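# Geometric and topological summary
What follows is each chain in one-letter form.
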Amino acid sequence: MKTKIEQALPAHTLRLSNAPKIYIVDYKNSSGGAVALLEQEPTEIKSVYLENKKPIGVYFDGFKDNALPIAKGEHSKQCECVLFPQTCNDKDWILFIETKYTNDLRSAFDENHDYPNGMINQIIQTVQYFRAKQIIAPNRRVHAIVSFPNLIEAFNSTFFKGELSIEDILIKHKILVRATNSAIIKSEKRISLNAI
């Protein structure tokens, strides 16, 4: 998969980490920065936490603005990043992450913001783009996290109230998605998305 990303998206920079604790943050709204993989828990911003049990080598592609070009001046909607094991085997897990840094449940689920549907659509469109570019096989199942890092309260049960259920997304798009702030990387073939 690393080679396919480098060929299809040469402007992307992949980072390798084998840290036992991985933190994914999006600095865009807080400091105008980029999506980042950190190996120490940040104190200035909340994150999506990935426990890397073994640990294994994991590639990270943090997407910059307009990272998925379709044509000149036209870009696909995108999530924050994709991660996958260094082994790059066909049976390895692939994880896409989308975050929104809202501060309370009310604003997270405000109909005017429509964050849940927007976040799910960003994940689906990113995965569709990767399939169209033949980075990911058409029927390969992938994982996705939709996260509100600032929220400690459980939000998975209230997240999927829109047009598509978790099951619909899995059946129609081959994406196993969870609304959570964390996951456990168990091996190159297994990742467990924590439903909080």
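The paragraphs below set out a description of the structure included in this document. Quantities reported herein were computed from a predicted structural model and do not represent experimental measurements.

Basis of the calculations
- Residues numbered from 1 in each chain as written.
- Predicted model: local features only at pLDDT ≥ 70, side-chain atom pairs only at ≥ 80, totals over all residues.
- Heavy atoms only, no water.
- Pairing = 2+ DSSP bridges.
- Helix = DSSP H or I, 4+ residues; strand = E, 2+ residues; numbered from the N terminus.
- Axes fitted to C-alpha atoms, helices over the stretch in contact; angles between N-to-C directions.
- Contact = heavy atoms within 4.5 Å.
- Core = buried A, V, L, I, M, F, W, Y, C linked by side-chain atoms within 4.5 Å.
- Buried < 20%, exposed > 50% of the residue type's maximum accessible area, 1.4 Å probe, protein only.

Next up on the list: the sheet that holds strand E13 (residues 191–193). If you trace the 5 strands from one edge of the open sheet to the other, you get E3-E2-E4-E12-E13, paired in mixed fashion. If you trace the sheet from one side to the other, it starts and ends with strand E3 (35–38) and E13, each paired once. Neighbour-to-neighbour, the strand axes of the sheet open up by a mean angle of 20°, direction not taken into account. Two strands pair when backbone bridges link them, and strand E12 (residues 182–185) and E13 are joined in this way by 3 bridges, in the antiparallel orientation. Each bridged residue has a counterpart across the sheet, and for Ile-185 the counterpart in E13 is Ile-191.

With respect to topology, 6 strands assemble into an open sheet ordered E1-E5-E8-E9-E10-E11, the strand pairing being mixed. Looking at strand neighbours, the two that pair on one side only are strand E1 (15–17) and strand E11 (175–179), the edges of this open sheet. Going from strand to strand, the sheet's axes swing by 25° on average, the running direction of each strand aside. Contacting strand E8 (81–85), strand E9 (95–99), strand E10 (142–147) and E11, helix H4 (residues 115–132) crosses the sheet at an angle of about 145° to E9.

The next point concerns the nonpolar core. Met-1, Phe-96, Phe-130, Phe-159, Phe-160 and Ile-175 are the most contacted members of the largest nonpolar core, which has 36 residues in total. Put simply, the parts of the chain that give this core at least two residues each are E8, H4, E10, helix H6 (166–173) and E11. Counting residues per element, this core draws most heavily on H4, which supplies 7 residues. Residue contacts for Phe-96: discarding those within four places in its chain leaves Cys-79, Cys-81, Val-82, Ile-123, Thr-126, Val-127, Phe-130, Ile-136, Val-142, His-143, Ala-144 and Ile-145. With 20 residues, the next largest nonpolar core counts Leu-50, Cys-81, Ala-183 and Ile-191 among its residues.

Distances and angles like these do not, on their own, reveal function.
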